[in-house]
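# A closer look at the structure
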Amino acid sequence: MAAATFTTQPTFIPSKTTFFSPRRSPLLFRCNSKPFFKTTISCSVSNSCRRPEYIPNHIPDPNYVRVFDTTLRDGEQSPGATLTSKEKIDIARQLAKLGVDIIEAGFPAASKDDFEAVKTIAKDVGNAVDENGYVPVICGLSRCNERDIKTAWEAVKYAKRPRIHTFIATSGIHMEYKLRKTKEEVVEIARSMVKFARSLGCEDVEFSPEDAGRSDREFLYEILGEVIKIGATTLNIPDTVGITIPTEFGRLIADIKANTPGIENVIISTHCQNDLGLSTANTIAGAFAGARQVEVTINGIGERAGNASLEEVVMAFKCRGEHVLGGLYTGIDTRHIVMASKMVEEYTGLYVQPHKAIVGANAFAHESGIHQDGMLKHKGTYEIICPEDIGLERSNEAGIVLGKLSGRHALKDRLKELGYELDDEQLGNIFWRFKAVAEQKKLGSRQRNYNRLKLERVTDADLIALVSDEVFQPELVWKLVDLQVTCGTLGLSTATVKLINADGEEHVACAIGTGPVDSAYKAVDIIVKEPVTLLEYSMNAVTEGIDAIASTRVLIRGDNNQTSTHALTGETVQRTFSGTGAGMDIVVSSVKAYVGALNKMLGFKDLSPKKVTVERTPVSA
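Scoring rules and cut-offs
- Residues numbered from 1 in each chain as written.
- Predicted model: local features only at pLDDT ≥ 70, side-chain atom pairs only at ≥ 80, totals over all residues.
- Heavy atoms only, no water.
- Core = buried A, V, L, I, M, F, W, Y, C linked by side-chain atoms within 4.5 Å.
- Buried < 20%, exposed > 50% of the residue type's maximum accessible area, 1.4 Å probe, protein only.
- Contact = heavy atoms within 4.5 Å.
- Helix = DSSP H or I, 4+ residues; strand = E, 2+ residues; numbered from the N terminus.
- Pairing = 2+ DSSP bridges.
- Axes fitted to C-alpha atoms, helices over the stretch in contact; angles between N-to-C directions.
- Parallel < 35°, antiparallel > 145°, perpendicular 65-115°, else oblique.
- Left-handed = near helix turned anticlockwise from the far one by under 90°.
- Nonpolar A, V, L, I, M, F, W, Y, C, P; charged D, E, K, R; others polar.
- Expected span 1.5 Å × (residues − 1).
- Polar contact = N/O pair within 3.5 Å; in protein donor to acceptor, adjacent residues only side chain to side chain.
- Right-handed = clockwise from strand over helix to strand, strands pointing away.
- Phe/Tyr/Trp six-rings, centres within 6.5 Å; stacked < 30°, edge-to-face > 60°.

## Considerations on the nonpolar core
Within the largest apolar cluster, 111 residues are counted, with the highest numbers of intra-cluster contacts made by Leu-98, Val-100, Phe-207, Leu-235, Leu-411 and Leu-415. In this structure Leu-98 touches Ile-298, Leu-310, Gly-331, Ile-332, Asp-333, His-336, Ile-337 and Ala-340, once residues within four positions along its chain are discounted.

Below, the structure is given as structure tokens:
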């Protein structure tokens, strides 16, 4: 099989003035109908670049970089980011819309739930071939042991393009203190396990030397050479603890490329953690040095400080690939970035900080007077990326304000501008909640009789909160129907809660507590009968004003020891589950968040009712 050839130091031609690639439509990037000046950093407007034929150990175009997304594996290892099977499938489908080359769907050996989720993704997303012949590779992670590898294969083998990703630590500190094995033993384990994976019928096997950033170079060359001989198709080089800097990591990739026997017969990959905030920079440096696969997550989520961010890495290639990175490019359709970011944010409960590159709320906000003046004259003065290029439409410039009298079409258009593409049922549910919020705002503004126009308006932040509360919720097990609370200084806080289960049966309970939220949560506990520990509770107003929508997030842990196996350490860890809720009543939003977290937790276990005593640290609110 032909081997890919890489150029370690691409040639940069200063006189180059065209801003298009033969792999993309030859269009100059336009923003607001005005072309950027040739001296401006710009991006291609086309998202339909030709994707090379998929061959496990070879890429026909040496400038093409495969995108390996590990949101569903490494990303889900973030505390509180537990995802249900439905949520994982939704995210996998969105990743396929993005056009990622490989989806690491999970760690099948972690638990029965993880195995079933990976298997479902392999059957569903892993066989959805589009009109261009694209279908993502579905990958399962495994440690270097036969049980893990066999379990991973049993989960991913249903995909059209299955892959097993197996790893073992190679740094001195890991081999001595974690594995307690010699170099020779580690090499033999790696060889035998890659061979075992191939013997199962898997023709696409990725191998990772864990903690490669701190591993001895000569040992790396040796172990990588050995797994190449035995049939590995991709070699992933992880900076597991995020200790390297870009020049260092780039040199590591270049050295492996220059010194590993047989390296021309495989793909080199990067996996950079963000402990020093350098994961994106390290990933780009690795690709520039010869790696042709990058391992990333949506929003950069992951263990500790997270991973290299898909949106940052992809947009760096898109904006600078032609000019300074020797023509590197990906097959990502960037117009789906915003929706992927929002979906992962809401399903995991891990909110994106406002100043996050590419997808943060402030990424395209210009407050400085100088910046605003420049933007009004030409948007290219302070923007190197058009929001439309990542699926975020410009704010409506026609002066349309959403309020009580706005129709469904106006709401749909505004949601699309914000990056949400909803089906008719979802739009219908959002529409009636939107009308209710608009009516409440209108009534409140009339009663106070001040700043009426501002208060009557339903803002973008209001809409985002409503969509999050309606669309990105776990599968229904329990649903809040009614809530009544009595609180204050004259007596104990009391709450009456009515919930409905999946069979349509109504359940009502009353409870007292230290505050309205605490009493409401205790009433929910009486109905649901699930012992849990409340780990986190937070609330914020999504807009200004006394009638703002409140957004609540809770994090819970089931006391019945719902566990999974941690991929890297092998430890048994207790799962935690997050839930979010939104509403103009802070107690209602709090109960919605709590019920949402319970629904997510119940999605992982037998739903048979149990009579238990629930103890909780009081929540005063």
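## What about unusual backbone geometry?
Even without glycine at this site, Asn-299 takes up a positive phi of about 65°. Examined against the element boundaries, Asn-299 turns out to sit in the loop between strand S10 (293-296) and helix H9 (310-324). Phi is positive for Lys-529, close to 60°, though the residue is something other than glycine. Along the polypeptide, Lys-529 turns up in the loop between helix H16 (516-528) and strand S14 (532-541). Taking the relative accessible area as the measure of exposure, Lys-529 reaches 31% and is therefore partly exposed.

## Concerning the sheet that holds strand S18 (residues 577-583)
With antiparallel pairing, the three strands of this open sheet are ordered in space as S14-S15-S18. Edge positions in the sheet fall to S14 and S18, since each of these pairs with one other strand and no more. Strand-to-strand, the axes of this sheet are offset by a mean angle of 15°, without reference to chain direction. Here strand S15 (residues 550-558) runs beside S18; their pairing, made up of seven bridges, is antiparallel. In the strand pairing of S18, Leu-555 is matched with Ser-578. Across the sheet, helix H17 (residues 586-602) is in contact with S14, S15 and S18; its angle to S18 comes to roughly 150°.

## Digging into the sheet that holds strand S5 (residues 137-143)
Think of a sheet as strands paired side by side through backbone hydrogen bonds, with each pair either parallel or antiparallel. Reading around the circumference, S3-S4-S5-S6-S7-S8-S9-S10 is the order of the eight strands in this closed barrel, with parallel pairing throughout. When the angles between neighbouring strand axes are averaged without regard to direction, this sheet yields 25°. For strand S3 (residues 66-69) and strand S4 (residues 102-106), the ladder comprises two bridges, and the chain directions are parallel. Note that in S4 the partner of Phe-68 across the bridge is Ile-102.

## Quick notes on the side chain of Lys-356
Inspection of the secondary structure assignment puts Lys-356 in the loop between helix H10 (337-348) and helix H11 (369-377). For Lys-356, a relative accessible area of 6% puts it in the buried group. In this structure, Lys-356 is in contact with Asn-299, Ser-309, Glu-311, Glu-312 and Ala-363, ignoring residues within four places of it in sequence.

## Concerning the packing of helix H3 (residues 146-156) against helix H5 (residues 183-199)
Helices that pack against each other are described as a pair by the angle of their axes relative to one another and the distance between those axes. Two numbers describe how H3 lies on H5: the axes approach to 10 Å, and their chain directions differ by 30°. Taken together, the axis directions place H3 and H5 in an arrangement best described as roughly parallel. By crossing handedness, the relation of H3 to H5 is classed as right-handed. Contacts between H3 and H5 pair Glu-146, Ile-149 and Lys-150 from the former with Met-193, Phe-196 and Ala-197 from the latter. Looking at the contact of H3 with H5 residue by residue, the classes come out as four nonpolar, no polar and two charged.

## Topic: helix H1 (residues 85-98)
The terminal C-alpha atoms of H1, which comprises 14 residues, lie 20 Å apart, in line with the 20 Å expected from a rise of 1.5 Å per residue. Turning to H1, its buried residues number three or more, namely Glu-87, Lys-88, Ile-89, Asp-90, Ile-91, Ala-92, Gln-94, Leu-95 and Leu-98. Next to the buried residues of H1 lie S3, S4, helix H2 (112-124), H9, H10 and H17. Once H1 ends, the next one or two residues include Gly-99, with phi positive near 90°.

## Quick notes on the environment of Ser-199
By the secondary structure assignment, Ser-199 is in helix H5. Assessed through its relative accessible area of 54%, Ser-199 is described here as exposed. Spatially, the C-alpha atom of Ser-199 lies 9.9 Å from that of Gly-231, the residues being 32 residues apart in sequence. Polar contacts involving the side chain of Ser-199 include one to the main-chain carbonyl oxygen of Phe-196, which spans 2.5 Å.

## What about the pairing of S4?
Two faces make up the sheet, and in a regular strand the side chains alternate between them. Among the five residues that make up S4, five are buried, leaving the element largely enclosed by the rest of the structure. Following the chain from S3 across H1 to the adjacent parallel S4, one finds a crossover that is right-handed. Bridging between S4 and S5 involves four bridges; their strand directions are parallel. Paired with Ile-103 across the strands is Ile-138, a residue of S5. What joins S4 to S5 is H2, and the crossover it makes is right-handed.

## A short note on the packing of aromatic side chains
Taken as a whole and assessed by the stated rule, the structure comprises four aromatic pairs. Centroid distance Tyr-64 to Tyr-329: 5.3 Å. Interplanar angle 75°. Geometry classified as edge-to-face. On the criterion of sequence distance, the pair formed by Tyr-64 in the loop between strand S2 (34-35) and S3 and Tyr-329 in the loop between H9 and H10 is long-range, its members being 265 residues apart. Assigned by exposure class, Tyr-64 and Tyr-329 land together as buried. Between Phe-431 and Phe-434, the aromatic rings sit 6.3 Å apart at their centres with planes inclined by 40°, giving tilted as the arrangement.

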